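# Structure at a glance
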Amino acid sequence: TDAWFKELLEVTQSAVGSATFDDACQAVMNKLLRMTAEIMRKRKSATVSFEASVHKFYNSAEFDEICNAELPGTLSKSRPGCVFLGLMLSKLHQDWLTSALQLARRQRNPELFEKKQTSNLSTSDENNEVNSFVGWSWCQNTSLIGPKMQ
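An account of the accompanying structure is given in this report. (Residues numbered from 1 in each chain as written. Predicted model: local features only at pLDDT ≥ 70, side-chain atom pairs only at ≥ 80, totals over all residues. Heavy atoms only, no water.)

### Considering empty space enclosed by the protein
Once rolled over the atoms, a probe with the size of a water molecule shows which space is left empty. Counted by the stated rule, this structure contains one cavity of 30 Å³ or more. What the largest cavity holds in volume is close to 40 Å³. In this structure, the largest cavity is lined by Ala-24, Val-28, Phe-63, Cys-67, Leu-71, Cys-82, Leu-85, Gly-86 and Leu-89. Going through the elements one at a time, helix H2 (15–41), helix H4 (61–70) and helix H5 (79–108) are the ones with two or more residues in the lining of the largest cavity. Take the lining of the largest cavity: its biggest share by element is four residues, from H5. (1 Å grid on protein atoms, 1.4 Å probe; cavity = no way out; pocket = protein on both sides within 12 Å on 5 of 7 lines; lining within 4 Å. Points joined across faces, edges and corners; volume = space filled by probe spheres on them. Helix = DSSP H or I, 4+ residues; strand = E, 2+ residues; numbered from the N terminus.)

### Concerning the pattern of salt bridges
Applying the stated rule across the entire model yields five salt bridges. Notably, a salt bridge pairs Glu-38 with Lys-42, separated by 3.2 Å at the nearest N-O pair. Given a relative accessible area of 42%, Lys-42 falls into the partly exposed group. Among the salt bridges present, the one from Arg-79 reaches Asp-64, with a minimum N-O distance of 2.6 Å. Of this pair, Arg-79 sits in helix H5 while Asp-64 is found in helix H4, placing the two residues 15 residues apart along the sequence. (Salt bridge = Lys/Arg side-chain N within 4 Å of Asp/Glu carboxyl O. Buried < 20%, exposed > 50% of the residue type's maximum accessible area, 1.4 Å probe, protein only.)

### Brief notes about the packing of H2 against H5
Orientation of H2 relative to H5, taken along the N-to-C sense of each, is 55°, at an axis distance of 10 Å. One element, H2, and the other, H5, form an angle in the oblique class. Relative to H5, H2 is oriented so that their crossing is right-handed. Residue-level contacts link Phe-21, Cys-25, Val-28, Met-29, Leu-32, Leu-33 and Thr-36 of H2 to Leu-85, Leu-89, Ser-90, Leu-92, His-93, Trp-96 and Leu-97 of H5. Its residues placed into classes, the contact of H2 with H5 shows 11 nonpolar, three polar and no charged. (Axes fitted to C-alpha atoms, helices over the stretch in contact; angles between N-to-C directions. Parallel < 35°, antiparallel > 145°, perpendicular 65-115°, else oblique. Left-handed = near helix turned anticlockwise from the far one by under 90°. Contact = heavy atoms within 4.5 Å. Nonpolar A, V, L, I, M, F, W, Y, C, P; charged D, E, K, R; others polar.)

Quick look at the structure:
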């Protein structure tokens, strides 16, 4: 795969090679976006996941066709290189999607992201409050769970 990366760097130095590589990346990203939309429509299904769909896609003839048709030079000849590229694009897709969803949530509910100072407690006092609440919550839940486990 060292040769694959070397060729990738060489091929993308030209405007044509760079544009062709960009087209290949866009084709994979478009497929990832379509898969994401499909998975979101089926989000209540326990048998559907993004990761499983991505794995299936990278083992599919469709992925091979995209690589063969779109990647410049002989980049498509290295299966590990193509899968590595796909995995990196998948990570990029997930990062972009997460950022977009966070931005949309922040725009719809800005009050959730405002820091509110409701008291003048010191850091140690705040920690004591949290520890007290967690301890109380633990006791409440163990008394509910305890009889069921016995």
